Amino acid sequence: MTLPVFFGCAFIAFGPALGLFLFTVVRDPLRVIILVAGAFFWLMSLLLSSLVWFIGIKASSPEDKAVRGGLLIAGVIFSVLLQELFRFLYYKLLRKANEGLVALSDNGISPISIQEMAYVAGLGFGIMSGAFSMINILVEAMGPGTVGIYGDSNLYFLTSAFMTMVMTLLHTFWGVAFFHGCEHRRWWELLVVIIMHLIISGLTFLNPLYVATLVPAYLIMVGTGAWTYLISGGSSKNLQRFFLCLRGDDSPMGGT
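These figures come from a predicted structure and were not determined experimentally.

Novice: An account of helix H4 (residues 114-141) is needed here, citing residue identities and associated values.
Specialist: The terminal C-alpha atoms of H4, which comprises 28 residues, lie 39 Å apart, in line with the 40 Å expected from a rise of 1.5 Å per residue. Roughly 40° is the biggest bend found in H4, and it falls at Met-134. Phi turns positive one or two residues past the end of H4, at Gly-143, with a value near 90°.

Novice: Talk me through unusual backbone geometry; I want residue IDs and the actual numbers.
Specialist: In the segment running from Asn-207 into Pro-208, the intervening peptide bond is cis, with an omega of 10°. Mapping Pro-208 onto the fold places it in the loop between helix H6 (187-203) and helix H7 (210-231). Positive phi, normally seen in glycine, also occurs at Arg-185, with a value near 55°. Secondary-structure assignment places Arg-185 in the loop between helix H5 (156-183) and H6.

Novice: Quick one: what's the story with the packing of helix H2 (residues 29-59) against H4, residue by residue and with numbers?
Specialist: As a packed pair, H2 and H4 sit with axes 7 Å apart at the nearest point and diverge in direction by 50°. Viewed along their axes, H2 and H4 adopt a mutual orientation that is oblique. Pair H2 / H4 crosses with right-handed handedness. Of the residues in H4, those in contact with Arg-31, Ile-34, Leu-35, Gly-38, Ala-39, Phe-41, Trp-42, Leu-43 and Leu-46 of H2 are Glu-116, Met-117, Val-120, Ala-121, Leu-123, Gly-124, Phe-125, Ile-127, Met-128, Ser-129 and Phe-132.

Novice: Go over the pattern of salt bridges, please, and point to the residues and values.
Specialist: Considering all chains together, one arrives at 5 salt bridges under this definition. Put simply, Arg-31 and Glu-116 hold a salt bridge, and the shortest N to O gap is 2.5 Å. Of this pair, Arg-31 sits in helix H2 while Glu-116 sits in helix H4, placing them 85 residues apart in sequence. Here the salt bridges share partners, and the residues they tie into one network are Asp-28, Arg-31 and Glu-116.

What counts as what
- Numbering of residues begins from 1 in every chain and follows the order in which that chain's sequence is written.
- Local features in a predicted model are, by the rule used here, given only for residues with pLDDT of at least 70; side-chain atom pairs are given and counted only at 80 or more, and totals for whole chains, interfaces and linings are based on all residues.
- By convention in this description, side-chain values take in all heavy atoms of the structure and omit both hydrogens and water.
- What counts as a helix is a DSSP run of H or I of at least four residues, what counts as a strand is a run of E of at least two, and both are numbered from the N terminus.
- Helices are assigned an expected span. That span is 1.5 Å times one less than the residue count.
- To obtain the bend at a residue, axes are fitted to the seven residues ending there and to the seven starting there, and the angle between these axes is taken.
- Note on method: axes are straight lines fitted to C-alpha atoms, helices fitted across the in-contact stretch only, with angles between N-to-C directions ranging 0 to 180 degrees.
- Note on terminology: angles under 35 degrees are roughly parallel, angles over 145 are roughly antiparallel, angles of 65 to 115 are roughly perpendicular, and the others are oblique.
- Each helix crossing is assigned a hand: it is left-handed if the near helix lies turned anticlockwise from the far helix by less than a right angle, otherwise right-handed if that turn is clockwise.
- Contacts between residues were defined by any pair of non-hydrogen atoms, one from each residue, lying within 4.5 Å.
- Definition used for salt bridges: Asp or Glu carboxyl oxygen within 4 Å of a side-chain nitrogen of Lys or Arg.

By themselves these figures say nothing about function.
As structure tokens, this is what we get:
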């Protein structure tokens, strides 16, 4: 059963992100570069967070459980804030790069918009975040052993995969909303992104009450997806066209 668990959890966790990468990113070299650079920025935030966590652990006593618990909560908050700081720094970098692309283009138009950059950068953050969240769990899923044999929940691997999928998609949505807030000086949008990130990360403290973790996380994901769809210029009419497979002239995709 270990091999089916491994592939099942891997496809759940990374299937949507892989689909987005294959259908919207991989054919454009510029988008691939932005995605890889976004993943690198997330790694830098993780490196600094790990350094602070290491210092805090070494400075505290292993016997003091209360201090260790406080350090864990403080570490999560610090990590979230640091990730959003690096998202802001990456926005600044891409803004400068976009100005350079405009200057180098023949028609004075950038080959990629800020919205596209936001989407690809967010996807890069999400993929790398998901990889570090899930890679060790997938290794353990390969066995040997039986999930829950000592009385623990046998849903651990499955819920971890679903939570990783949520975080990957949320980082993509957050990237779009964060860049939109920076572009239009709507600082409250940045604050909303940070608060949602803190809430999602805080929900993990409720484990192993997996229902209490996953249900709110998925509700936030759906709400965030709808929000980013609207601020990106989406409308109910466009959504209707998508589900009915209509082109811009309202003709069926398969029509003449």
